[in-house]
Amino acid sequence: MIGRKYVDAVETAGGVPLIVPHNLSGDSLRLLFDRLDGLLLSGGGDVDPSIYGEEPHPDVDGVSADRDRVELALARWAVDQQKPLLAICRGIQVLNVALGGTLVQDIPSQVAGALPHHFDEKTTPRGYLAHSVSIEPGSLLSAVIQSEAASVNSWHHQSLKQVANPLRVVAESPDGIIEAVEIPGQRFVLGVQWHPEWLFETQPEMLRLFTALIEAASA
Ligand code: MN
């Protein structure tokens, strides 16, 4: 089940969202991919750690073999074909693993001194601004956000560990957790660890992440 906020955000930004089923065969998936103007990888459960060569941490949750297969392929193809890509939360993790990177499987137990990056959804609003991020000057992200800092929500217990080539880290939280990556020189590849789909209605800079994707996909 894809959160309806992603659909709302893409539509508000001027795009027409199409949801890709997770049980498509490889041939159908490629035919569908070839017709897309751009790709948004959404949030969700954890990527199977065996894909990046690790035993699962006990708190790894929500693994789906079908979803991993489909999204890892879509992420690789998007990078190969220079198709505009916005990767959100699980999406930034899928993008990194697809290109050969690894993940911190559980921030609270594996990163000493980390800030809280996940909260109780029953008591904390999805738009709660949990921490700041510092954004690399001159990056695509800084151009889209129009700032070198942002306040973001945080709903992840995993994060990027070894960053795959050719990804470049362009935002971090104050505790050094990787919060955004892009591919320098590619038209539009951007991954963010936060959830702009829960922020775009109140923070114009977060809507711009989606409008930038749609503009790149329309070019
Ligand atoms: Mn965070």
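Structure's up top.
Model, not experiment: these values are computed from the prediction.

Reading the values: rules and limits
Residues numbered from 1 in each chain as written. Predicted model: local features only at pLDDT ≥ 70, side-chain atom pairs only at ≥ 80, totals over all residues. Heavy atoms only, no water. Phe/Tyr/Trp six-rings, centres within 6.5 Å; stacked < 30°, edge-to-face > 60°. Helix = DSSP H or I, 4+ residues; strand = E, 2+ residues; numbered from the N terminus. Buried < 20%, exposed > 50% of the residue type's maximum accessible area, 1.4 Å probe, protein only. Lys NZ or Arg CZ within 6 Å of the ring centre and 35° of its normal. Pairing = 2+ DSSP bridges. Axes fitted to C-alpha atoms, helices over the stretch in contact; angles between N-to-C directions. Contact = heavy atoms within 4.5 Å. Donors = N, O, S within 2.8 Å, 3.2 Å for Na, K, Ca; no water. Arc of directions from axis to C-beta. Salt bridge = Lys/Arg side-chain N within 4 Å of Asp/Glu carboxyl O.

A. Inspection of the packing of aromatic side chains at higher detail. For the structure on display, the rule yields 4 aromatic pairs. A ring pair is formed by Phe119 and Trp155, whose centres lie 6.0 Å apart and whose planes are at 75°; its orientation type is edge-to-face. With Phe119 in the loop between helix H5 (107-110) and strand S4 (131-135) and Trp155 in the loop between strand S5 (149-152) and strand S6 (159-160), this residue pair connects regions lying 36 residues apart in the sequence. Considered together, Phe119 and Trp155 belong to a single accessibility category, that of buried residues. Grouping aromatic residues by their ring pairs yields a cluster made of Phe119, Tyr128 and Trp155. In this structure, Arg30 is placed above the aromatic ring of Trp77, and the distance from its NZ or CZ to the ring centre is 4.8 Å.

B. Geometry of unusual backbone geometry. Residue Pro166 is bonded to the preceding Asn165 through a cis peptide linkage, with omega at 0°. Here Pro166 is to be found in the loop between S6 and strand S7 (168-172). With a phi close to 55°, Cys89 is a non-glycine residue in the positive phi region. Mapped onto the elements, Cys89 comes out in the loop between strand S2 (85-88) and helix H4 (90-98). On the basis of relative accessibility, which here comes to 5%, the residue Cys89 falls in the buried class. For Gln146, which is not glycine, the phi dihedral falls at a positive 60°. Judged by its relative accessible area of 57%, Gln146 is exposed.

C. Fine view of the sheet that holds strand S8 (residues 178-182). One open sheet accounts for 7 strands, arranged S1-S2-S9-S8-S7-S4-S5; its pairing is mixed. Each edge of the open sheet carries a strand with a single partner, namely strand S1 (39-41) and S5. The sheet shows a mean angle of 20° between the axes of neighbouring strands, taken without regard to direction. Bridge count for S4 against S5 is 4 bridges, and the pairing is antiparallel. Pairing of His131 across the sheet is with Val152, part of S5. Packed onto the sheet, helix H3 (residues 65-80) meets S1 and S2 and runs at close to 135° relative to S1. With respect to the sheet, helix H7 (residues 204-218) is in contact with S1, S2, S5 and strand S9 (189-192), its orientation differing from that of S2 by roughly 145°.

D. Structural context of the coordination of the manganese ion. Note on the manganese ion: its protein donors are His117 (ND1), His131 (NE2), Ser154 (OG), His156 (NE2) and Glu179 (OE). The metal-donor distances range over 2.3 Å. Between consecutive donors of the manganese ion, the numbers of intervening residues give the motif H-x13-H-x22-S-x1-H-x22-E. Across the pair, exposure class does not vary: Ser154 and His156 are buried alike.

E. Representation of helix H1 (residues 4-12) within the structure. All buried positions along H1 are accounted for by Lys5, Tyr6, Ala9 and Val10. All buried residues of H1 fall inside an arc of 135° around its axis, so they share one side. When the buried face of H1 is taken as reference, the exposed residues oriented beyond 90 degrees from it are Arg4 and Glu11. The inward-facing, buried residues of H1 contact S1, S2 and H7. Just downstream of H1, Gly14 is the residue with a positive phi angle, here 100°.

F. Layout of the pattern of salt bridges. The tally for this structure, following the rule as stated, stands at 9 salt bridges. In this structure, Arg69 engages Asp66 in a salt bridge whose closest nitrogen and oxygen atoms are separated by 3.9 Å. One end of the pair, Arg69, and the other, Asp66, are both in helix H3, 3 residues apart, so they sit about a helical turn from each other. Here Arg69 falls in the partly exposed class, since its relative accessible area comes to 35%. Taking the relative accessible area as the measure of exposure, Asp66 reaches 38% and is therefore partly exposed. Here Arg90 ties to Glu71 by a salt bridge, and the two come within 2.8 Å at their closest N and O atoms. Here Glu71 lies in helix H3 and Arg90 lies in helix H4, a separation of 19 residues in the sequence. A residue is classified by how much of its surface remains accessible, and Glu71, at 5% relative accessible area, is buried. Put simply, Arg67, Asp68, Glu71 and Arg90 are held in one network by salt bridges that share partners.

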